[in-house]
Amino acid sequence: MQLDDGNGCPALDSLLVTVAPPVQAEAGSDVAICQGDTIALQASGGGTYEWNPAIFVSDPSAPDPLAFPQDTTTFIVTVTSAFGCVGSDSVRIEVTPPLCWSRWFADPLWG
């Protein structure tokens, strides 16, 4: 890059530009669990992690916290790289109600 030094003389300078790679955030595959169960979430793709909603995870800043949603919930993980680039992904945890075994056994069709 050629500049003027303010006295009419040319001055040269250089500038190094580093392009950071994009963040490839990955939150894993959607899954179903029974009501009352926990499941390990698993994120990848960056240096730091933030899970939301944070209220239903054991450690919202861990890549692999335990999740214990009460109802079907979509968790969003925001991943930040060492360069400060940000990406996000989501995983849906479907919560199914537990079976009522006493009702099942009392049903005349089942015994």
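Here goes a summary of the coordinates provided.

Scoring rules and cut-offs
Residues numbered from 1 in each chain as written. Predicted model: local features only at pLDDT ≥ 70, side-chain atom pairs only at ≥ 80, totals over all residues. Heavy atoms only, no water. Helix = DSSP H or I, 4+ residues; strand = E, 2+ residues; numbered from the N terminus. Buried < 20%, exposed > 50% of the residue type's maximum accessible area, 1.4 Å probe, protein only. Contact = heavy atoms within 4.5 Å. Areas by Shrake-Rupley, 256 points an atom, 1.4 Å probe, with all protein chains shown as cover. Pairing = 2+ DSSP bridges.

## Topic: the overall build of the protein
Inference 1: Helices and strands together make up the secondary structure of the protein, namely one helix and eight strands.
Inference 2: If you list the helices and strands of the protein from N to C, you get β-β-β-β-β-β-β-β-α.
Inference 3: Within the protein, the proportion of its 111 residues that are buried is 21%.
Inference 4: Long-range pairs, those at least 24 residues apart, make up 45% of the contacts in the protein with a sequence separation of at least 6.
Inference 5: When the accessible surface of the protein is totalled, it reaches about 7,700 Å², and 57% of it is carbon and sulfur.

## As for the pairing of strand 5 (residues 48-52)
Across a regular strand the side chains alternate sides, sitting on one face of the sheet and then on the other.
Inference 1: Residues Tyr 49 and Trp 51 point to one face of strand 5 and are all buried, whereas Thr 48, Glu 50 and Asn 52, pointing to the other face, are not buried.
Inference 2: When strand 5 meets strand 7 (residues 73-80), the two strands line up antiparallel, connected through five bridges. Bridging from a neighbouring strand, Trp 51 pairs with Val 77 of strand 7.

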